[in-house]
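# Summary of structural features
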Amino acid sequence: MTRPPSQLRLSPATRAAQALRHIDERTGGVTPAIEFSATFARDEDYAPRQRYIYARDGGPTVEHAEAILADLDGAAGTLVFASGMAALVALLETLETGDHVAAPLSIYHGALSWLKRLGDRRGIETTFFDATDPRALGAALQPGRTRLVWIESPTNPMWDVIDIAAAAEAAHAAGARLAVDCTVAPPCTTLALALGADFAFHSGTKYLGGHSDLTAGVLSSARADAVWDEIRAVRHLMGSVIAAFEAWLLIRGLRTLYLRYERASASALAIATHLETHRGVARVLYPGLPGHPGHAVAARQMTGGFGGMLSILVAGTEGQARDVARFAQVFIPATSLGGVESLIEHRKAVEGPDSVTPAMLLRLSIGIEDPADLIADLDQALERAGCGV
Ligand SMILES: Cc1ncc(COP(=O)(O)O)c(C=O)c1O
């Protein structure tokens, strides 16, 4: 149950903290109950008692998560999937053989792999463009043929910044839709739909869940139109909906999203600033640094902080970069991002042989620990690995 609307204009942080002013109808519980049922009984007229029929379409807990996310994203509709990749594949299923896609070369490697697969297996070609060049998207578009522009901002793991409003304008002028992977810049900092995107995508596994204890994917749409209906049908037929327990974990994570993101952003900025003048570090890639080439655009479209993701190029060899990850005592050497615990990753090793990521790059996901501990840990690991000497 949702309480009647407040007469106060509540901020999204407040709406998220209260799971949309939720109070459980049966018990008064302030935490939503989990509805596990996979099927729903019909009434005496053989009609669904409410709108629920079968859990592959979702159910009350999934819908609650979707309502919160639609509210935060400012969407006409939101669907939650079992993983980020499941949400991406559902969106790409709406494309037809012969359609064309444009995407930056520096994006999440799973998205890159799937786009390449679509080219090889289904005749849906993608033109990959350089995200650091603002004119490159325009050159990659094929007006009338490009159906989808898929971007990420900041891009993973180089953290280049793409101007979402400009990308939306360019995509629409070519007759394409724009989808933005907002995993690293969730709605507490970037509202991609308000900037003109047609779809906002999130790996809910990351900041939205926030505790590294679930996988989830989120797709929010600016319009409830025929394409949106098709995406919903794809989720139903593929069975890629999130399960009730994971949807509940997602709701729980969303309640602290604004707080966690603010803390991670402040710590990441402090760490990036410290590392900028560190002799063991050749380069720091973080859009929150005033010297970052995308800082001005990031400041415009990341209004709630620059996030907890940064990369460093160590002053040393690939082996020394791996050593830094091995010698860390507070950072955990693991993949993923956006959790409460800080992670360190030698990205090239994870991405595989066709990776274009520099060999000296380490990706850091800053959590909510004391930033002084994180700085001390990086200092000792860089020193022990002999970087910069
Ligand atoms: C930016 C980005 N997009 C998409 C994904 C895929 O999400 P998932 O792992 O939830 O399938 C990831 C996962 O690492 C990611 O970092």
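Here the structure is shown first, and the text comes after it.
As a starting point, this report considers the structure included with it. Small disclaimer: the values here were computed from a predicted structure and weren't measured. (Residues numbered from 1 in each chain as written. Predicted model: local features only at pLDDT ≥ 70, side-chain atom pairs only at ≥ 80, totals over all residues. Heavy atoms only, no water.)

## Comments concerning the layout of surface pockets
Summary: where empty space remains is shown by rolling a probe the size of a single water molecule over the atoms. Here the second largest pocket is characterised by a volume of approximately 410 Å³. Lining the second largest pocket we find 23 residues, and of these Ala 131, Thr 132, Asp 133, Pro 134 and Val 161 sit closest to its centre. If you list the elements that add at least two residues to the lining of the second largest pocket, you get helix 5 (136-140), helix 6 (164-173) and strand 8 (281-285). Looking at the lining of the second largest pocket element by element, the count peaks at three residues for helix 6. Looking at the lining of the second largest pocket, its residues break down into 14 nonpolar, four polar and five charged. (1 Å grid on protein atoms, 1.4 Å probe; cavity = no way out; pocket = protein on both sides within 12 Å on 5 of 7 lines; lining within 4 Å. Points joined across faces, edges and corners; volume = space filled by probe spheres on them. Helix = DSSP H or I, 4+ residues; strand = E, 2+ residues; numbered from the N terminus. Nonpolar A, V, L, I, M, F, W, Y, C, P; charged D, E, K, R; others polar.)

## A closer look at the site of the ligand
Neighbouring residues of the ligand: 14 residues in total, closest Met 85, Asp 181, Ser 203, Thr 205 and Lys 206. At a separation of 2.9 Å, an oxygen atom of the ligand approaches a polar backbone atom of Gly 84. Compared with its free state, where it exposes 390 Å², the ligand has 90% of that area covered by protein. Those elements that place two or more of their residues in the shell around the ligand are helix 3 (84-92) and strand 6 (199-203). Here the residues of the shell around the ligand sort into five nonpolar, six polar and three charged. (Near = heavy atom within 4 Å. Polar contact = N/O pair within 3.5 Å; in protein donor to acceptor, adjacent residues only side chain to side chain. Areas by Shrake-Rupley, 256 points an atom, 1.4 Å probe, with all protein chains shown as cover.)

## Describing the nonpolar core
By size, the foremost hydrophobic cluster in this structure holds 67 residues, and its most contacted members are Leu 250, Leu 275, Val 284, Leu 310, Val 324 and Ile 344. Among the elements that make up this core, the one with the highest residue count is helix 9 (residues 257-276) (seven residues). Ignoring anything within four residues of it in the chain, the contact list for Val 324 reads Val 314, Ile 344, Leu 362, Ala 381, Leu 382, Ala 385 and Cys 387. Membership of the second largest hydrophobic core comes to 27 residues, among which are Ala 87, Leu 148, Phe 199 and Ile 231. (Core = buried A, V, L, I, M, F, W, Y, C linked by side-chain atoms within 4.5 Å. Buried < 20%, exposed > 50% of the residue type's maximum accessible area, 1.4 Å probe, protein only. Contact = heavy atoms within 4.5 Å.)

## A look at the packing of aromatic side chains
For the coordinates displayed, the defined rule picks out five aromatic pairs. With centroids separated by 5.1 Å and ring planes inclined at 65 degrees, the aromatic side chains of Trp 150 and Phe 201 adopt a geometry described as edge-to-face. With Trp 150 in strand 4 (residues 146-152) and Phe 201 in strand 6, this pair connects stretches of sequence that are 51 residues apart. Each member of the pair, Trp 150 as well as Phe 201, carries the same accessibility label: buried. Ring centres of Phe 245 and Trp 248 lie 6.3 Å apart, and the angle between their planes is 10 degrees; this geometry places the pair in the stacked category. Here the residue Phe 245 and the residue Trp 248 both occupy positions in helix 8 (residues 244-254), the gap between them amounting to three residues, near one helical turn. (Phe/Tyr/Trp six-rings, centres within 6.5 Å; stacked < 30°, edge-to-face > 60°.)

## Overview of the packing of helix 2 (residues 60-73) against helix 8
When two helices pack together, you describe them by how their axes are tilted relative to each other and by the distance separating the axes. For the pair helix 2 and helix 8, the least separation of the axes is 8 Å and the interaxial angle reads 35 degrees. Note on packing geometry: the crossing formed by helix 2 with helix 8 is left-handed. Across the interface between the two elements, Thr 61, Val 62, His 64, Ala 65, Ile 68, Leu 69 and Leu 72 of helix 2 pack against Ala 244, Ala 247, Trp 248, Leu 250, Ile 251 and Leu 254 of helix 8. (Axes fitted to C-alpha atoms, helices over the stretch in contact; angles between N-to-C directions. Left-handed = near helix turned anticlockwise from the far one by under 90°.)

## Considerations on the sheet that holds strand 10 (residues 332-333)
Pairing is mixed in the open sheet, where five strands are placed in the order 8-9-12-11-10. Of all strands in the sheet, those with a lone pairing partner are strand 8 and strand 10, marking the two edges. Summarising the sheet, strand 8 and strand 9 (residues 309-314) pair through four bridges and their orientation is antiparallel. The residue bridging Leu 285 from the neighbouring strand is Ser 311, located in strand 9. Helix-sheet contacts for helix 9 involve strand 8, strand 9 and strand 12 (361-365), and the interaxial angle to strand 8 is about 150 degrees. Strand contacts of helix 11 (residues 318-327): strand 9, strand 10, strand 11 (343-346) and strand 12, with the helix running at about 160 degrees to strand 11, the strand carrying the most contacts. (Pairing = 2+ DSSP bridges.)

## Some points on the packing of helix 3 against helix 4 (residues 109-122)
As a packed pair, helix 3 and helix 4 sit with axes 11 Å apart at the nearest point and diverge in direction by 35 degrees. Remark: the crossing between helix 3 and helix 4 carries right-handed chirality. Every residue of helix 4 that contacts helix 3 at Met 85, Leu 88, Val 89 and Leu 92 is listed here: Gly 110, Ala 111, Trp 114, Leu 115, Leu 118 and Arg 122. A per-class count over the contact of helix 3 with helix 4 returns eight nonpolar, one polar and one charged.

## Some words on the pattern of salt bridges
Applying the stated criterion across every chain, the model contains 18 salt bridges. When the shortest N-O distance is used, the salt bridge between Asp 71 and Arg 15 registers 2.7 Å. Within this pair, whereas Asp 71 is found in helix 2, its partner Arg 15 is found in helix 1 (residues 12-17), the two being separated by 56 residues in sequence. Looking at Asp 71, the relative accessible area reads 28%, which means it is partly exposed. For Arg 15, a relative accessible area of 24% puts it in the partly exposed group. With a shortest N-O distance of 3.3 Å, Asp 213 and Arg 252 are connected by a salt bridge. Taken together, the residues span a long stretch of sequence, with Asp 213 in the loop between strand 6 and strand 7 (217-221) and Arg 252 in helix 8 at a distance of 39 residues. (Salt bridge = Lys/Arg side-chain N within 4 Å of Asp/Glu carboxyl O.)

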